[in-house]
Every structure is written in structure tokens, then in C-alpha cells.
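Descriptive structure summary
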Amino acid sequence: MVFTLRWGIVATGGIAELFFKDLIADPALRGVTDVDHIPVAVASRSVKKAQAFIDAHAPADLQTKVKPYNTYGALYKDPNVDCVYIATPVSSHYENALEALRAGKNVLCEKPFTVNAAQAKHLHAVAKEQNVFLMEAVWTRFFPLAKQFKKVLHVDKAIGRIHRVYCDFSVLFDPVKDARMYHATTGGGALLDLGVYMTVWTLLTCYHHPDNQLSPPDVIKAVMFRSPINPEVDESTSVITVWEKAKIMCIDAVTGPSIAVVRYPQELRNTPVPDTNVIVVINFRSFLTLSIV
Ligand SMILES: NC(=O)C1=CN([C@@H]2O[C@H](COP(=O)(O)OP(=O)(O)OC[C@H]3O[C@@H](n4cnc5c(N)ncnc54)[C@H](OP(=O)(O)O)[C@@H]3O)[C@@H](O)[C@H]2O)C=CC1
Ligand SMILES: O=C1OC[C@@H](O)[C@H](O)[C@H]1O
């Protein structure tokens, strides 16, 4: 029997477009035959934008079936929506998710989940109260690669004992096109926007290390450079965590919005690596490659 999940899309920006395209792809393409996803509503702050989004992205057979809304709140009240996908800037995630949860909807909320831990904890509590599903859309955590990464490190122990972890991720943002990245009011800056991506690999390596027994890090220290374009947001941030039980020190660095230091496997492969050192490379561009060099 096929379970059908009916989706409401909140906001019509860049990632909402990509999500929508994936949502309507046939699940059989990824070997799934017992679940079907259908978009039933799109909400924007302007109904014209919602309609234009549907016109541009919904396939012919769904064009008249996907309902446009001119407020996000109206979509939360639609009884045909089972799950709401929130694709607004992070500064609005808490408010949007809270309203959707209180309307009894399941929620998939874009990363970063909220601007602080208190908001995240409150959303978690409300979702429990309402007995609905709530998740942050950190897609990289759900690639088969993540599972394989954990197995290679912690079950196969392919690189032996882990002493130090370095995670580095950079993206260059255009001050006009990616304006949300340059303002604190929209939750911009390197750490808030990109930090989750490194955290995935840090947590898989350190938090899920068998010796760590799912304990939080014992030390967390961070250094931040302000953006020269708008000092309200950070240009780059480095975070050191120490995991005493597993005896690992981890350095996470993110860079953006206006400077990007991009390191990809190609250049690492060309770097001679002494036998005693091992680098595990995750290729962010494809998410398919896990190399031990
Ligand atoms: N998982 C992933 O790979 C990615 C996730 N993201 C995350 O998705 C979220 C949205 O990013 P992205 O789509 O790139 O952003 P965009 O700026 O392209 O779109 C954001 C949309 O949110 C709505 N919105 C509501 N309030 C505001 C506001 N105050 N200012 C601007 N827009 C607002 C608008 O839709 P409308 O006018 O229709 O209401 C707008 O189109 C962020 O949290 C980001 O971190 C982003 C890129 C990749
Ligand atoms: O989540 C993200 O990952 C990739 C970036 O290009 C994007 O803007 C960011 O928000």
C-alpha cells in the first residue's frame, strides 16, 4: 500500500524551488515504492508570487490542484496539508514553525533550525505536545554517505584512532543576490548559515564515537571575524571542541559571505600525505565521494 503525504510549501525563494523539484520526482527513482509525496499548497507573502511559483514548477496534472495562499498562516489552516515545509530565512523559522505546529501540522524546517537553542527546545516541546513530526532539513545528514562515514570510522576503524578533526566549509555569497546572508535581521553570517554543515561531520565523528557515549563536548571555544561588508554578521568563524571521553580535539571553520576558501579533494589528492597522517575527504559538491587519502 502506498502512503501519500500532502505538502504545503512556505515561501517561494531559492531553496523552495529546489525542494519542490525534488518533491515531485518519482520516489521510485530512489528505490522507494511505498510513499508518495504531493504538493497541495504554496504560500507566499504575495499571492502573485505563490501562483507564479506554481505556474513555473508544478507539472501540468497538478497545476490546478496546488492551492496558492497569500499568507503563511492561511496555509497552516488548510486541512489538506499534512506536512509544512518552511523555506523562509532563519530569522522567521521559529515563528513560522511554531504557528504550523500549533495548527497541528508536521513540520520540515530549513536549516539552520532556529537562531538559538532556546527556540529549538521550545519547538521540540510544542511538537511533542501536539504529537507531530518536526525536523530540521539538514539534507547532507541523510545521504547514504553519512552512514558509510560512521561505519568506516567507528566500526571498520579504517583510520585507526582519531586524534584531531578538521572540518572546513566555505561558500561565496553575492551581496545583492544573497542579501539575506549580509544582515543580522535575516539571520545571515557564516556560522549561522553554514555551521550546520560542518557540525554534521563533527557529530558523526566525535559525538557518535563509541568512547564518547553520546556526551556533549567538554570544551567549546569560538573565534569570529566580522564581515567587512556588514559587521553585523560574521565573515568567518572557527570553533574548537574537545571531547574528553573520546580524546579528540576538533576544529570547525566556516567562511563566507564575501571570502571563500574552498578546499576540494582534487587539490588534497595532489598533496603528498605522510603515511602516518590520514585525511578523510567529503566532497560537498557531489556528496558521493568519501576518500581516504
Ligand atoms: N538545505 C539547503 O541546502 C539550503 C537551505 N537553505 C536555507 O533555506 C532558507 C531560505 O534560503 P533561500 O531559499 O536561499 O532564501 P531566499 O532569500 O531565496 O528565499 C527566502 C524566502 O523567504 C520568504 N521570506 C519571508 N520573510 C522574508 C524576509 N524577511 N526576507 C526575505 N525573504 C523572506 C520569501 O518568500 P515569499 O516572498 O514567497 O514569502 C523569500 O523568497 C534559509 O534558512 C537557508 O539557510 C538555503 C539554501 C540551501
Ligand atoms: O545551505 C546552504 O548551503 C549552500 C549555500 O549555497 C546556501 O546558500 C546555504 O544557505
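Going by the structure above, here's the rest.
The structure contained in this document is the topic of the report that follows.

Some details on the sheet that holds strand β4 (residues 83-86)
Strand order in the open sheet formed by 6 strands is β3-β2-β1-β4-β5-β6, and the pairing between neighbours is parallel. Where the open sheet ends on each side, the last strands, each with one partner, are β3 (67-69) and β6 (134-137). Within the sheet, the average angular offset between the axes of one strand and its neighbour, ignoring direction, is 25°. By the bridge criterion, 3 bridges tie strand β2 (residues 35-43) to β3 in an arrangement that is parallel. Looking at the pairing, A43 lines up with Y69 of β3.

Describing the pairing of strand β10 (residues 248-255)
Counting buried residues in β10 gives 6 out of 8 residues, a clear majority hidden from the surface. When strand β7 (residues 164-170) meets β10, the two strands line up parallel, connected through 7 bridges. Of the residues in β10, the one forming a bridge with Y166 is I251. The pairing of strand β9 (residues 234-243) with β10 spans 8 bridges and is antiparallel.

A word on the pattern of salt bridges
Taken as a whole and assessed by the stated rule, the structure comprises 5 salt bridges. The shortest N-O distance in the salt bridge between D82 and R6 comes to 2.9 Å. One end of the pair, D82, is in the loop between α3 (72-76) and β4; the other, R6, is in strand β1 (residues 3-10), with 76 residues separating them in the sequence. On the basis of relative accessible area, R6 is assigned to the partly exposed category, the value being 27%. Salt bridges here are not isolated pairs; linked through shared partners, they connect K111, R180 and D193.

Some remarks on the site of ligand 2
Close contacts around ligand 2 come from K111, V171, F173, R180, D193 and Y197, and that covers them all. Between K111 and ligand 2, the recorded distance is 2.7 Å, taken from a side-chain N or O atom to an oxygen atom. Taking Y197, its side chain carries an N or O atom lying 2.6 Å from an oxygen atom of ligand 2. A breakdown of the residues in the shell around ligand 2 according to their chemical character gives 3 nonpolar, no polar and 3 charged.

About the criteria used
- Residues numbered from 1 in each chain as written.
- Chains lettered and ligands numbered in written order.
- Predicted model: local features only at pLDDT ≥ 70, side-chain atom pairs only at ≥ 80, totals over all residues.
- Heavy atoms only, no water.
- Pairing = 2+ DSSP bridges.
- Helix = DSSP H or I, 4+ residues; strand = E, 2+ residues; numbered from the N terminus.
- Axes fitted to C-alpha atoms, helices over the stretch in contact; angles between N-to-C directions.
- Buried < 20%, exposed > 50% of the residue type's maximum accessible area, 1.4 Å probe, protein only.
- Salt bridge = Lys/Arg side-chain N within 4 Å of Asp/Glu carboxyl O.
- Near = heavy atom within 4 Å.
- Polar contact = N/O pair within 3.5 Å; in protein donor to acceptor, adjacent residues only side chain to side chain.
- Nonpolar A, V, L, I, M, F, W, Y, C, P; charged D, E, K, R; others polar.

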